[in-house]
Amino acid sequence: MYAETSNEKREGVTFMKLMRFIAFLLLAGVTLTAAAGKPEPVETLRRDALAKMRAFVESRPQSPASEQAERILAQEAADPDPNRWIGETIRFGRSVLRENPPQSNRDEIRRAALLILDAPLSVEDTDPAAPPGFSQTWRETINSIYQPVCDEMLDEILKTRVASGVRIWKVYNMGFIVKTPNHAWGFDVRSGNTITRKFTPDQLAKLVKILDVLFLSHNHADHVGADLVREMVRAGKTVVRPTDDTVSELNGDPHLRNLYGRFGKTVKVDGLLVRAFPGYQEIPNREVPCCVYAVTADGITVAHNGDNQNPQPYELLEKARIKPDVMLVNSWSGFAPCLKAGKPKLALIGHEHELKHKVSGRDPWATVFKRITDAGLATPIRVIDCGESVSYSNK
């Protein structure tokens, strides 16, 4: 009788794991080698942004937003500037979003605004063909626009009282703040400090005041705001992480909790009912532990999938018959299996335009919209920018 060697067993497990992962990617509607974006010269991006603004004007003549766009276009025609367009296009896109909030049933104009934002947010700031000083100008411009956005968002969260249901704000990347009538918590809240801006001391103080608990999905710099974690534990507030390797410099602090191995078992964390499903993100030669969280408070369940690429958490979620009201899902790692398993009433997309990444690793809005269309899901999916929020009621 033939007996497998230990090497053969390991190879068999590895092969089955690989086949399972490929099946997951096919279900997710992504390819193994697909890059999120393609670096374009700065001048090409400038022309693309201006062309989209012209199209915006042509499709919405005589609207206040079109009048603003026409002024920008006229200025660029009379006095082209290789740097000025960055701020002008971002401010324009943001102003359109402000006038047309996520639940205003104005999806078409919001989409147009987000597609205009694609160009300035798709800059490779190391482009050798860019004008002298462009890299610093680009960073300073991003910072000057999005810092006030963060300030306004935090002030809004502090003053907002949620009477029923839930309200969710997008901070940056996969960072969200969730507020119910009696609780507030955050997932992967960070500032984007690796390339653009840092939380100010005032912003950190407000975040600590807002959050009862902070959840970290996995140990990657674009998901962990170490500055916020330090302030949370210093204030005696709980930070939930997968394992000891996340913010390891704080190991031993009693306010850190590891939940990676719980396999969906309900755990009480400061008044919240938390289920953590163990997944991982694939990187070369390594699987990084990543929690898929389902958090319940005040009769509302909100799930967050970090950068998970493992199908098992979604299988466990479905087996446990957990039906999140809202799911916060990653744009690139395959949100279709997650939403098919969870069947939420509402989904919000995250991880677009992570400016820490090179352009080849960023998801532009155009790619996100295409993935949503290709997925063909019944779940309503909202696409929002930093500082915007969405409300949901299960009544």
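For the structure, see preceding data.
Procedures and definitions
- Residues numbered from 1 in each chain as written.
- Predicted model: local features only at pLDDT ≥ 70, side-chain atom pairs only at ≥ 80, totals over all residues.
- Heavy atoms only, no water.
- Buried < 20%, exposed > 50% of the residue type's maximum accessible area, 1.4 Å probe, protein only.
- Helix = DSSP H or I, 4+ residues; strand = E, 2+ residues; numbered from the N terminus.
- Pairing = 2+ DSSP bridges.
- Axes fitted to C-alpha atoms, helices over the stretch in contact; angles between N-to-C directions.
- Expected span 1.5 Å × (residues − 1).
- Contact = heavy atoms within 4.5 Å.
- Parallel < 35°, antiparallel > 145°, perpendicular 65-115°, else oblique.
- Left-handed = near helix turned anticlockwise from the far one by under 90°.
- Polar contact = N/O pair within 3.5 Å; in protein donor to acceptor, adjacent residues only side chain to side chain.
- Salt bridge = Lys/Arg side-chain N within 4 Å of Asp/Glu carboxyl O.
- Right-handed = clockwise from strand over helix to strand, strands pointing away.

Draft legend 1. Spatial organisation of helix H10 (residues 335–342). Here H10 lies mainly inside the structure; 7 of its 8 residues are buried. Those residues of H10 lying buried are Phe335, Ala336, Pro337, Cys338, Leu339, Ala341 and Gly342.

Draft legend 2. Molecular detail of unusual backbone geometry. Phi is positive for Asp270, close to 50°, though the residue is something other than glycine. Residue position: Asp270 is located in the loop between strand S7 (267–269) and strand S8 (272–283). Assessed through its relative accessible area of 45%, Asp270 is described here as partly exposed. Although it is not a glycine, Asp298 sits at a positive phi angle of roughly 55°. Mapped onto the elements, Asp298 comes out in the loop between strand S9 (286–297) and strand S10 (300–304).

Draft legend 3. Broad picture of the sheet that holds strand S3 (residues 184–187). In space, the 7 strands of this open sheet follow the order S6-S5-S4-S3-S2-S1-S14, with mixed pairing throughout. At either margin of the open sheet sits one strand with a lone partner, and together these are strand S6 (256–258) and strand S14 (389–392). Taking each pair of neighbouring strands and ignoring which way they run, the sheet shows an average axis angle of 20°. Of the pairings in the sheet, the one linking strand S2 (residues 175–179) to S3 comprises 4 bridges and is antiparallel in character. Directly across from Val178, in S3, lies its bridge partner Trp185.

Draft legend 4. Broad picture of the pairing of strand S1 (residues 166–172). Extensive coverage of S1 is indicated by the burial of 7 of its 7 residues. Across 4 bridges, S1 lies against S14 in antiparallel orientation. Bridged to Val166 within S14 is Tyr392. Sheet analysis places S1 next to S2, joined by 5 bridges and oriented antiparallel. In the sheet register, Arg167 faces S2, and the bridge partner there is Lys179. Counted between consecutive antiparallel strands, the loop separating S1 from S2 contains 2 residues, among which Asn173 sits at a positive phi close to 60°.

Draft legend 5. Helix H3 (residues 64–78), seen in detail. The first and last C-alpha atoms of H3 sit 22 Å apart over 15 residues, in line with the 21 Å expected at 1.5 Å per residue. Buried residues along H3 sit in contact with helix H2 (42–59) and helix H4 (84–99).

Draft legend 6. Structural detail: the packing of helix H6 (residues 134–159) against helix H7 (residues 201–210). Interaxial distance between H6 and H7 falls to 10 Å at its minimum, and their mutual angle equals 30°. With respect to each other, H6 and H7 are oriented roughly parallel. The two elements H6 and H7 meet at a crossing, and its hand is left-handed. Every residue of H7 that contacts H6 at Gln147, Cys150, Asp151, Leu154, Asp155, Ile157 and Leu158 is listed here: Gln203, Lys206, Leu207, Lys209 and Ile210.

Draft legend 7. Representation of the side chain of Glu388 within the structure. Relative to the helices and strands, Glu388 is located in the loop between strand S13 (381–382) and S14. Look at Glu388 and you get buried, because its relative accessible area is 8%. In terms of polar contacts, Glu388 uses its side chain to reach the backbone amide nitrogen of Asp385, at 2.8 Å. Sequence-distant contacts of Glu388, defined by excluding residues within four places in its chain, comprise Leu97, Pro102, Arg110, Ile168, Trp169 and Lys170.

Draft legend 8. Spatial organisation of the pattern of salt bridges. This model, assessed by the stated rule, comprises 22 salt bridges. One salt bridge in this structure joins Arg84 and Glu76, with 2.9 Å as the shortest N-O distance.

Draft legend 9. Region of interest: the environment of Arg167. Note that Arg167 resides in strand S1. Measuring from C-alpha to C-alpha, the distance between Arg167 and Thr180 comes to 6.6 Å, with 13 residues separating the pair along the chain. For Arg167, the side chain forms a polar contact with the side chain of Ser389, separated by 3.0 Å.

Draft legend 10. Representation of the environment of Ser393. Within the secondary structure layout, Ser393 lies in the segment after S14. When the C-alpha atoms of Ser393 and Arg167 are compared, they prove to be 8.8 Å apart, with 226 residues separating the residues in sequence. Setting aside residues up to four positions removed in sequence, Ser393 forms contacts with Ser164 and Gly165.

Draft legend 11. Inspection of the pairing of strand S11 (residues 326–330) at higher detail. In terms of burial, S11 is largely enclosed, as 5 of its 5 residues are buried. What you see with S11 is no split at all: Val326, Leu328 and Asn330 on one side and Met327 and Val329 on the other are buried throughout. Traced from S10 through helix H9 (residues 312–319) to S11, the parallel crossover comes out right-handed. Two strands pair when backbone bridges link them, and S11 and strand S12 (residues 346–350) are joined in this way by 5 bridges, in the parallel orientation. In the strand pairing of S12, Asn330 is matched with Gly350. Tracing the backbone out of S11, into H10 and back to the parallel element S12 gives a crossover that is right-handed.

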